[in-house]
Every structure is written in structure tokens, then in C-alpha cells.
Protein chains: 2
Amino acid sequence: MIYLDNASTTLKKPLSVYFAVNKAMLKYNANAGRSGHSLSVKAGFEIYKARQEIAELFNASAENVIFTSGCTESLNLAIRGTVKQGGHIITSAYEHNSVLRVLKHLENEGKISFTIISPKKSGYFDLKDFEKAIKQNTYAIVVNHISNVLGIEQDIKGLGEIAKRHNLLFIVDTAQSAGHKNIDMQKLNISMLAFAGHKGLLGLSGVGGLVVNDKVQLQPIKFGGTGTSSEDINQPTTLPEAFESGTLPLVNIVSLRAGTNFVKKHFKKINSKIDYLTKYLIDNLTKMEHIILYTPQNSINGVVAFNVKNYSAGQVCDMLNEKYKICVRSGLTCAPYVHRFLGTINGGVIRVSIAHYNKKHQIDKLLSALKTLKE
Amino acid sequence: MIYLDNASTTLKKPLSVYFAVNKAMLKYNANAGRSGHSLSVKAGFEIYKARQEIAELFNASAENVIFTSGCTESLNLAIRGTVKQGGHIITSAYEHNSVLRVLKHLENEGKISFTIISPKKSGYFDLKDFEKAIKQNTYAIVVNHISNVLGIEQDIKGLGEIAKRHNLLFIVDTAQSAGHKNIDMQKLNISMLAFAGHKGLLGLSGVGGLVVNDKVQLQPIKFGGTGTSSEDINQPTTLPEAFESGTLPLVNIVSLRAGTNFVKKHFKKINSKIDYLTKYLIDNLTKMEHIILYTPQNSINGVVAFNVKNYSAGQVCDMLNEKYKICVRSGLTCAPYVHRFLGTINGGVIRVSIAHYNKKHQIDKLLSALKTLKE
């Protein structure tokens, strides 16, 4: 089995992740932050260490790390937790439905309007287009850092500067970049950073987070027990508990900590391997006349989108799976406006996404399989 | 270490739960319902089997089982996903903040009003009080099945009949009863049933669910990718995907399935053990003059609340933990109105909660420890 669907979920985790999960399950599987006994305190302490691990990765404070069920909930919280009645948000055509459907919902409710910025023919964005779209009631920019379809990196440094200049909230979806890019929230002027635990940070699915800048006035979108101020039936406002109602997913959080720790230790090695394999794949796909490559040749971020002439993306995906045991993803991958831009809204694309544990010979097997579709 | 905090989280899970988690992590840790390749299909199939397992437990259809991050999210979804502008909801004084804070939030937003029904001196409710509270704009009753503070069982059969008679939604929080009581959604007229995965169903924390009756018109409260209708940036409406935006917590869901399966197989044995130990504990506490017992003597549902004269609940909890390595919980346990009723709003109570793996000699040790506080 050759697994090349790592932008959905990284299949293999470091051994330290499996160990951490089993240790949590067997040694301190209590309810963190609820009781005062040793096991609950231990669970709470391990969760705090995970907060610190994540905070350090993005240059934030541990208290500003809110754990959620995943990047989707994080983006819901970021956008809906700062919604301004009558306001306007700017976003890009590369966004995932975890952003677009939230914006559309708020628009349907009559709360906000939003503008979707289109890329240039190159696939990259012109930052001036974002700046031109700013209206008097614009209060936020929401973009992903790396496109989950094309692997194209957004210029979040440039956008952060625009946001700062115009006093806008700057919300960044790092679902595909956390663990792959150095992201300093302070230097990049990021107001809120949403991340997934189960992709580049090598944890299990079931956890993600939102890292919040101190200046952001965030409102909760989920209400319930926080283990604090229990006598008050108004939701508390303290970071991070106010946004973490209910029992936290202990094993997922400890898996995230172990995964993030591994990524930090091997950051260069992991990402130079991914870059190398991405470049190798792109270079070889470019040489094949029956391949329509959508990812720009200079975009080497582990995610590569293409189609095979005369085949639907689904057909190719099925063939790769059934005949060669190669796992890739096909379709729209939850980001419809990219496909409007690419002209692939009907069948989508084939998306290959690479992790550090993939091997060159696996890419070779994929390339060989694709060659058989030449006729 | 003697763990008696099982109403927070059951500490020990069946071996089958640990095996299922490790199998999922090591064998098919892909993204369910997103890709078409074998590993994603396998993950999706395992999640479907968990849906079936839960559906069977509550006499529902698999498609009507919505997985959430926990019982708190389930209750948020149930209450906010059916909110009626200008409507009125009836609830009880025994509710957890996962219900009360949701209702208070909706009241603060000017959307609903709600009435909190108080128990009688016995600790039990008079169903007539619920019926009397019904107004013209009342559209829902929300209650827990077993109080997380007192262990008292609510008469959900009677309440279900009232709800049916008055055409009200009937929302039941089974956080403390799932796995312990037979709950047939159809027979009990339950419109929506919220459950936690990490308590009586013996799964890991990080998963829960909402089981929905076909007649309920539920609206999503979280928006994003569902792996379906991706071309449309309006949230889909199909059960269950429309309510499960984002990647599902695979290992948590397989743990829930294994745990639920174990509970079904050993239902009688598990619960007669819990009943026996609860009764044994209550009978002995009743004999101690320095104990103020809040749980009625005939309430043998694994949860027992009390205080020790001249000590705060926190002091006793700390002493049990430090001196005897006994883990119990103290405080309000996120249910403030119970404590207004008990007169314990300042320090709360000591809560002992029992699982099937607890032993009589552990209860004896607790009783001996409590005896030392007599003077």
C-alpha cells in the first residue's frame, strides 16, 4: 500500500505518538481540569504541556491555545466568535468549505457580506486585489496558508501587513502548513491561527486548535461546563477554558503534543524530504504530455494537483487504488472555488499529497502507473 | 490508587477498546468519508459500524446517529439546532451547565425564555410541575436522565408522555445513564438523545453523539467540509454528514464502538455490580452520623453525593487523595442549581461515582477513611 493522501490525514505517526496515546489510555485516563485528585491533575498537566508545545511552535502563550475538535471547529470559532453585524470579510478563492460555508451561513443570516478574491493566471494572488477589496465595513481577512488543492503558498506576510495597516483581523487557516512552514504569529501579524492536529503535526484526528492573539475579543460558540465558575450559568470568558466546554479529548491532545514535538526536532529533515519528493513528482509530471498539471512548477509544498487526459479524476483514483494499491484523493476536496478557477468543477482533480515517510520509489511507482494511461 | 470518579470519565476501558484504538492507529488511520481509496473506505466502514452499534443501543437508525466531540456539543446541537424565536423551554434544576449555559445564552440573545423546575424535598420531581409550566409558546423539554450530582433518575417515561401529549420536543441528556439504563428512544418518545462516549459506554473522551428522531427538523451549528456536495458553499442538510463537518475522531469512535459492544454483552453484570456497590456505600454512609447524605437511599445509580460535617468537600477530597490515594470529585460538578436546592452552593459536595471494575474492598477503604473524620 502506497499512501499519498497525507493532506487528508497523515497515515503514519511517529512511534512517540503511539506510545503517548497508550500511556494516556493506561496510566492517567481521567478527566482533566475537573477533579482535584492526582489522576485528573496529571491529565490536566499533560494537556498543559501540549498547550505549551503548540504555543512555542507559533510563538504564542499557552493560555492563548484553544483546543477544538479540529481545524473546522477552529475556523468556525474564529469567524463566528468575532462576527460583526453589518461587517465585511475578505477571503480567497482557495478556501476550504470550513471557511466558505461559515461565511455563507453568516451571509444567509444577514450578518455579514464577503468578497472572494480570485488568483491570477499563474495561480498566485496579487495582494493589491485584497487591498482594493477593503471597504469601510471590512473587519477581517481569512485565508489559508497553503491551498489544500494546489499546494500553493499564500503570501501571509504581505497579507498580515495589509491587515495591520487597515486594522483588520487576520485569520489564517494552517491546515496544510502547520508543521511544514515556520509560522510566527507575532511577526506575521496573525490575529487567529487555526490548525489541524492530524496532518502535518502528526497527531490523531479529533483535535485541532485556535491560537488567539491577546488583542482579539473572541466570543464562545459552544456553551457548557468548563470546570470553572460553575455557579454561574453565563458562559465564562477566560482563555482558554471559556472556549473548551465539555471534556477535552485527552489521548488526541497528547498525540498532538508528541507529534508536534517530533516535527520540531526533525523540522528540516521532514520538510526537505517533502520538498524533494514534491519537486521530483512535479518535474516528472511536467514531462508527461497526457498529464494536465495544475500545481505550479515552483510550488513544492507536498500537495500536487493534476488530471490525466481522457480520464476523470475518479477513474484514475480508482485505478491507482485497485491496480497499484496507491492511495490518492480525487474530487473537489471541499474547496469548490479553486475548481471554478481551474475549470474542474465537474470531476475535480487528482491530488497527491506527500509526507516525510514517503519514498522516492513510491513516487516512481505512481509515475509508472500514470504512464500506463498514456494511450 | 482507588478511582471513584467514573461519572467524570471511566478510567479503565475493556481490553477490546485498547486493541481497537491501536488497530485503528496502526492499520487504517486514514480520513473516513473523504477519499475513495481502500484505507479511507475502511475507516469509513468502521465508523459506520460504530453508528450501527449506537443506533441499536437506543433503537434508532444508523443514519440518525450524529457523532460529536462529546455530550456538551450534542446538547448544544440539540438545543440550538432546533431553537424557535420567541419560544419557551422547560428544564430541571438538575441540569448540567451543558444545558443551562446553552439556555442562558439563548435567553441573553433574546431568542427564548426558559423555566427551571425544582425537585420536591425527596429529591425527586413531580411531573405535574412540568406539565403546569407548559405555556402556549413552549416547544421543548430538556432534562438529564440521571443527575450527575445526586444519581437520581428522572422519570423520562412520564416526561416523554407529557411531551408527546403537548407536541413538544423531548431532549434527553444521557451522560450518566447511557450504558447503565435501557433506553429505547421510540418507546420513550425521545426526540433527541445526547450521549457521552467516555463514561458508561467505556470509550475514550473526545467523542459523543446526538441521536435524532426522524421527525426533528435539525439545523447545523457547525459549518464546513462534509465530503458531500462540495461544490455548494451552503451547508448540506443530510443526516448525519450535515452535522459532522470536519474530520471525524476515528480512534475515539472505534473506541466507543468497542466500549458499547462490551457494555451490551455484559449489561446485566456491569449494572448489577454497580447497583450492589452503590447500595453498599449508601447503606454504610447512612449509618455514619457525621455524614450528610444527599443522594436518596433508594437511588442506586452509581453516583452518591454527601458531605462530612465540619469539613469542606474540597478538604475531604484532598485528604482522600493524599492520604489514601482515593480519587473522588468535590465541588459543584458543573450543575449549580442542584446545589442551590441542596444548600451546598458554596463548597459543593463530595461525589463518589462507581464503575463495574470497582471492588467492595475499595468501598470499604473509602468508608474507613471517612470514619477517621468523625471527630
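Residues numbered from 1 in each chain as written. Chains lettered and ligands numbered in written order. Predicted model: local features only at pLDDT ≥ 70, side-chain atom pairs only at ≥ 80, totals over all residues. Heavy atoms only, no water.

A word on the packing of helix H9 (residues 313–324) of chain A against helix H11 (residues 360–371) of chain A
Residue and element names in this part refer to chain A. Definition in use: The convention used is that axes are lines fitted to C-alpha atoms, helices contributing only their stretch in contact, and that angles between N-to-C directions extend from 0 to 180 degrees. For the purposes of this entry, the term helix denotes a DSSP run of H or I that reaches at least four residues, the term strand denotes a run of E that reaches at least two, and both are numbered from the N terminus. The crossing is said to be left-handed when, going from far helix to near helix, the turn is anticlockwise and less than a right angle, and right-handed when the turn is clockwise. In what follows, a contact means two residues having at least one pair of non-hydrogen atoms within 4.5 Å.
Put simply, H9 and H11 touch, their axes get as near as 11 Å, and they point 115 degrees apart. Judged by the sense of rotation from one axis to the other, the crossing of H9 with H11 is right-handed. When H9 is examined against H11, the residues Val316, Met319, Leu320 and Tyr324 are found in contact with a partner set consisting of Leu366, Ala369 and Leu370.

A word on the interface of chain B and chain A
Formally: Accessible surface is computed with a 1.4 Å probe, and the buried area is the amount of it that two parts give up when combined, taken over both parts together. The rule for a salt bridge is simple: a side-chain nitrogen of Lys or Arg has to be within 4 Å of a carboxyl oxygen of Asp or Glu. Here a polar contact is recorded for every N or O atom pair within 3.5 Å, except that within protein the pair must consist of a potential hydrogen donor and a potential acceptor, and residues adjacent in sequence are included only if both atoms are side-chain atoms. Following the grouping adopted for this structure description, the nonpolar residues are Ala, Val, Leu, Ile, Met, Phe, Trp, Tyr, Cys and Pro, the charged ones are Asp, Glu, Lys and Arg, and the polar ones are all others, Gly among them.
Each partner contributes residues to the interface: chain B has 75 residues there, and chain A has 75 residues. Taken over both partners, the interface formed by chain B and chain A buries close to 5,900 Å², and the fraction arising from carbon and sulfur atoms is 57%. Its largest share of buried area at the contact with chain A, chain B owes to Arg101(B), Phe223(B) and Ile233(B), together 15% of the area lost on that side. As a salt-bridge pair, Lys222(B) and Glu73(A) come within 4.0 Å of each other at their nearest N and O atoms. Summed over the shared surface of chain B and chain A, the number is 40 residue pairs in polar contact (both at pLDDT 80 or more). Elements that contribute at least two residues to the side of chain B that touches chain A include exactly helix H1 (15–27), helix H2 (38–58), helix H3 (71–80), helix H4 (97–108), helix H7 (250–265) and helix H10 (336–342) of chain B. It is H4(B) that contributes the most residues to the side of chain B that touches chain A, eight residues altogether. Classifying every residue of the side of chain B that touches chain A gives 28 nonpolar, 35 polar and 12 charged.

Examining the environment of His145(A)
All names here are of chain A. Applicable threshold: Working definition: with a 1.4 Å probe on protein chains only, accessible area under 20% of the residue-type maximum means buried, over 50% means exposed, and in between means partly exposed.
Mapped onto the fold, His145 is located in the loop between strand S5 (138–144) and helix H6 (156–165). Judged by relative accessible area, His145 falls into the buried class, the value being 2%. Along the chain, His145 and Tyr337 lie 192 residues apart, while their C-alpha atoms are 16 Å from each other. Polar contacts involving the side chain of His145 include one to the side chain of Glu153, which spans 3.2 Å.

Details of helix H8 (residues 267–286) of chain B
All names here are of chain B. How we decide: Under the convention used throughout, the expected extent of a helix is 1.5 Å for every residue step, that is, one less than its residue count.
Here H8 is 20 residues long and its end C-alpha atoms lie 28 Å apart, about the 28 Å a rise of 1.5 Å per residue gives. Within the sequence span of H8, burial applies to Phe267, Ile270, Asn271, Ile274, Leu277, Thr278, Leu281, Ile282, Asn284 and Leu285. Its buried side turned inward, H8 meets H7, strand S9 (291–293), strand S10 (303–308), strand S13 (349–353) and helix H11 (360–371).

Thoughts on unusual backbone geometry
Here the amide bond leading from Leu239(A) into Pro240(A) is cis, since omega sits at -10 degrees, within 30 degrees of zero. Within the element layout of this structure, Pro240(A) appears in the loop between strand S8 (208–212) and helix H7 (250–265). In this structure, Leu202(B) is a non-glycine residue whose phi angle is positive, near 65 degrees. Here Leu202(B) falls in the buried class, since its relative accessible area comes to 2%. The phi torsion at Ser229(B) lies on the positive side, around 45 degrees, for a residue other than glycine. Within the secondary structure, Ser229(B) is located in the loop between strand S8 (208–212) and H7. Taking relative accessible area as the criterion, Ser229(B) reaches 39% and is therefore assigned partly exposed.

Looking at the domain arrangement of chain A
Note on interface size: it is often stated as the accessible area lost on association of the parts. Residue and element names in this part refer to chain A. To be explicit about the condition: An automatic or database domain assignment supplies the start and end points of every domain.
Domain annotation of chain A identifies domain 1 (2–11 + 267–371) and domain 2 (15–265). The C-alpha centroid of domain 2 is placed 27 Å from the C-alpha centroid of domain 1. Counting residues at the interface gives 32 residues for domain 1, matched by 34 residues for domain 2. Buried surface at the junction of domain 1 and domain 2, summed over both partners, amounts to about 2,500 Å²; 58% is from carbon and sulfur atoms.

Regarding the sheet that holds strand S4 (residues 112–117) of chain B
All names here are of chain B. Short version of the rule: Any two strands with at least two DSSP-identified bridges between them are counted as paired.
Sheet architecture is open: seven strands sit in the order S2-S8-S7-S6-S5-S3-S4, paired in mixed fashion. Only two strands of the sheet have a single partner each, and these edge strands are strand S2 (65–68) and S4. The sheet shows a mean angle of 20 degrees between the axes of neighbouring strands, direction not considered. Relative to strand S5 (residues 138–144), strand S3 (residues 87–92) runs parallel, the two sharing four bridges.

What about the sheet that holds strand S13 (residues 349–353) of chain A?
Residues and elements named next belong to chain A. The strand order across the open sheet built from four strands is S9-S10-S13-S12, with neighbouring strands paired in antiparallel fashion. The open sheet terminates on both sides in strands that have one partner only, identified here as strand S9 (291–293) and strand S12 (329–331). Direction aside, the axes of adjacent strands within the sheet are offset by 35 degrees on average. As defined by bridge partners, strand S10 (residues 303–308) adjoins S13 across four bridges and the pair is classed as antiparallel. By the bridge assignment, Ala305 is partnered in S13 with Arg351. Those strands touched by helix H8 (residues 267–286) are S9, S10 and S13, and its axis lies near 20 degrees from that of S10.

A short note on the environment of Thr91(B)
Residue and element names in this part refer to chain B. For Thr91, the location among the structural elements is in strand S3. Take Thr91: its relative accessible area is 0%, and that puts it in the buried class. With 65 residues separating them along the chain, Thr91 and Ile156 place their C-alpha atoms 12 Å apart. Once you skip the residues sitting within four places of it in the chain, Thr91 turns out to touch Val99, Leu100, Leu103, Phe114, Thr115, Ile116, Ile117, Phe130 and Val142.

Side note on the relation of the copies chain B and chain A
Defined as follows: To superpose the copies, least squares is applied to the C-alpha atoms of every residue with a pLDDT of at least 70 in both.
Between chain B and chain A, the superposition needs a rotation of 180 degrees and an axial shift of 0.0 Å, giving an RMSD of 0.0 Å. Both copies of the chain, as the preceding transformation shows, are related through a two-fold rotation axis. Closest approach to the rotation axis within chain B is made by the C-alpha atom of Ser69(B), at a distance of 3.1 Å.

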